[in-house]
Amino acid sequence: MRKSILVLGLISVTALAGCLQTDGERALAGAAAGAVVADATDNNVLTGAALGALAGTYCDDAGVCN
C-alpha cells in the first residue's frame, strides 16, 4: 500500500512539474512530494516536507526543472 502511494505521489508531482512557474509553487510541490515519500518510507514527514520544499525552491536555480 505504501509503495503505491509513493508511486502515485511521484507521478503526480512529475505531471505537475511543467505547470509550476514560481519558486513558491515549486516549494509547495516539493514539500508535498517530500512528505509523501517520507511517509511511504516510514521516515519523519516534517523533515521530508522541509527537504522537499528546499529542493523545490532551488531546483530551477540548479537547472533541474526549467
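Structure: see above.
Residues numbered from 1 in each chain as written. Predicted model: local features only at pLDDT ≥ 70, side-chain atom pairs only at ≥ 80, totals over all residues. Heavy atoms only, no water.

J.: What should I look at first to understand the overall build of the protein chain in this one?
T.: Scanning the protein chain from N- to C-terminus turns up 3 helices and 0 strands. The N-to-C order of helical and strand elements in the protein chain reads α-α-α. Evaluated residue by residue, the protein chain yields a buried proportion of 24% over its 66 residues. The contacts in the protein chain between residues at least 6 apart in sequence include a share of 45% that link residues at least 24 apart. Accessible surface, the protein chain: about 4400 Å² in total, of which carbon and sulfur atoms supply 67%. (Helix = DSSP H or I, 4+ residues; strand = E, 2+ residues; numbered from the N terminus. Buried < 20%, exposed > 50% of the residue type's maximum accessible area, 1.4 Å probe, protein only. Contact = heavy atoms within 4.5 Å. Areas by Shrake-Rupley, 256 points an atom, 1.4 Å probe, with all protein chains shown as cover.)

J.: Before we go on, may I ask you to explain the packing of helix α2 (residues 23-40) against helix α3 (residues 45-58) in this structure?
T.: To characterise two packed helices, one gives the angle between the axes of the helices and the distance between these axes. At a minimum axis distance of 6 Å, the contact between α2 and α3 shows a crossing angle of 145°. Between α2 and α3 the crossing geometry is right-handed. Along its contact with α2, which presents Asp23, Arg26, Ala27, Gly30, Ala31, Gly34, Ala35, Ala38 and Asp39, the element α3 presents Val45, Gly48, Ala49, Gly52, Ala53, Gly56 and Thr57. Grouping the constituent residues of the contact of α2 with α3 by class yields 7 nonpolar, 6 polar and 3 charged. (Axes fitted to C-alpha atoms, helices over the stretch in contact; angles between N-to-C directions. Left-handed = near helix turned anticlockwise from the far one by under 90°. Nonpolar A, V, L, I, M, F, W, Y, C, P; charged D, E, K, R; others polar.)

J.: For this particular structure, what's the right way to read the environment of Gly56?
T.: Within the secondary structure, Gly56 is located in helix α3. Measuring from C-alpha to C-alpha, the distance between Gly56 and Ala33 comes to 9.4 Å, with 23 residues separating the pair along the chain. In this view, Gly56 contacts Arg26 and Ala27; residues no more than four positions away in its chain are not counted.

J.: Just to check I follow, could you spell out α3 for this structure?
T.: Each α-helix winds once per 3.6 residues, and so residues spaced three or four apart point in a common direction. If you check α3, its first and last C-alpha atoms are 20 Å apart, about what 14 residues at 1.5 Å a residue would give, namely 20 Å. Looking only at α3, the buried set comprises Gly48, Ala49, Gly52 and Gly56. When α3 is viewed along its axis, its buried side chains cluster within an angular range of 95° and face the same direction. The exposed set on the far side of α3, more than 90 degrees from its buried face, consists of Leu46, Leu51 and Leu54. Structurally, α3 contributes buried residues whose contacts are with α2. Measuring from the side-chain oxygen of the N-cap residue of α3 to the backbone nitrogen of Leu46 gives 2.9 Å; that N-cap residue is Asn44. (Expected span 1.5 Å × (residues − 1). Arc of directions from axis to C-beta. Polar contact = N/O pair within 3.5 Å; in protein donor to acceptor, adjacent residues only side chain to side chain.)

J.: Any chance you could explain α2 here in plain terms?
T.: For α2, spanning 18 residues, the distance from its first C-alpha to its last is 25 Å, which sits close to the expected 26 Å at 1.5 Å a residue. Looking only at α2, the buried set comprises Arg26, Ala27, Ala29, Gly30, Ala31, Ala33, Gly34, Ala35, Ala38 and Ala40.

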